[in-house]
Amino acid sequence: MRQLTFRHERLRTVQWAMFPYDATLLATIQAAPQSVSDVLESLQTIDATCVDRDGLKWFNWLYLQVTQGVEAQVVSGGFNDPAWLAQLDVQFARLYFSALQSSLSGQATAACWQILFNSRNQATVARIQFALAGINAHINHDLAQAIVTTCQVTGTTPDHGGTHYNDYTTLNSTLDGLIESAKSTLNLRLPGGALPPISHLEDTIAAWNVSAAREKAWQNSEHLWQFRTSAFLTASFMDMLDGFTTVIGKALLVPVP
């Protein structure tokens, strides 16, 4: 009997510049960041490079705010292993930069990311939609991978309820607060200008919960940890995550009138 597998195809892009500065973006992310400072430098360069009419700018802007907020909380103390959190921050950012690099290079890219990159110049999509679509791809698809890689690098395991899990969840209130605060700033049309009252967008935004998404990502990291010795099981699980995350991303990117 033929074995059935559920694979969500990665999207291959045509290598062309959506914006004239795409080559500059690609050069910015060629080298993988080695520290949180490197991550912030790359995010700041992308922010300074992208114009307001580029949807990528608004996810990157929100990610920059979040990374700065997390760094400030880690530096202020109160964590059992701040070095582990810093490593997670670096590994997590690498996945965003890798997805953007693949897309800008015309290489196969996870569909949950590619639907965002394909929409960068769509003026009918609001800034908050781009920001949340990026957060969706980064948390629901990437975060579990980042946790596993961090554990491998640091010689730890993703134990639910353990020391590193507790540090990880301690950040939830900070992240929720930063994203809630950013929503009012980003609740504009892509070129700027107020949005009319739109029920589907308001409902979609209200349904997004960062803490719940991060909890699920940790659970998924535990599954990936068990699969880490099997390339087939790991790839199959990631394909499943990509498919699930892509469905949410498409809902987040529905154009507004």
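Look a little higher up for the structure.
Residues numbered from 1 in each chain as written. Predicted model: local features only at pLDDT ≥ 70, side-chain atom pairs only at ≥ 80, totals over all residues. Heavy atoms only, no water.

1. A short note on the packing of aromatic side chains
A complete count under the given rule lists 13 aromatic pairs for this structure. Each ring, one from Phe 59 and one from Tyr 96, has its centre 5.0 Å from the other, and the planes form 90 degrees; the classification is edge-to-face. Taken together, the residues Phe 59 in helix 3 (residues 55-76) and Tyr 96 in helix 4 (residues 82-104) connect sequence positions 37 residues apart. Classification of Phe 59 by relative accessible area gives buried; the value is 0%. For Tyr 96, a relative accessible area of 0% translates into the label buried. (Phe/Tyr/Trp six-rings, centres within 6.5 Å; stacked < 30°, edge-to-face > 60°. Helix = DSSP H or I, 4+ residues; strand = E, 2+ residues; numbered from the N terminus. Buried < 20%, exposed > 50% of the residue type's maximum accessible area, 1.4 Å probe, protein only.)

2. Observations regarding the pattern of salt bridges
Enumeration according to the criterion identifies 4 salt bridges in this entry. Residue Lys 57 pairs with Asp 47 through a salt bridge whose shortest N-O separation is 3.6 Å. Of this pair, Lys 57 sits in helix 3 while Asp 47 sits in helix 2 (residues 36-49); the two residues are 10 residues apart in sequence, bridging distant segments of the chain. Taking the relative accessible area as the measure of exposure, Lys 57 reaches 10% and is therefore buried. With its nearest N and O atoms 2.8 Å apart, the salt bridge here joins Glu 180 to Lys 183. Of the two residues, Glu 180 and Lys 183 both sit in helix 8 (residues 172-186), 3 residues apart, roughly one turn of that helix. The buried category is assigned to Lys 183, whose relative accessible area is 12%. Because the salt bridges share partners, they merge into one network encompassing Asp 22, Asp 54 and Arg 120. (Salt bridge = Lys/Arg side-chain N within 4 Å of Asp/Glu carboxyl O.)

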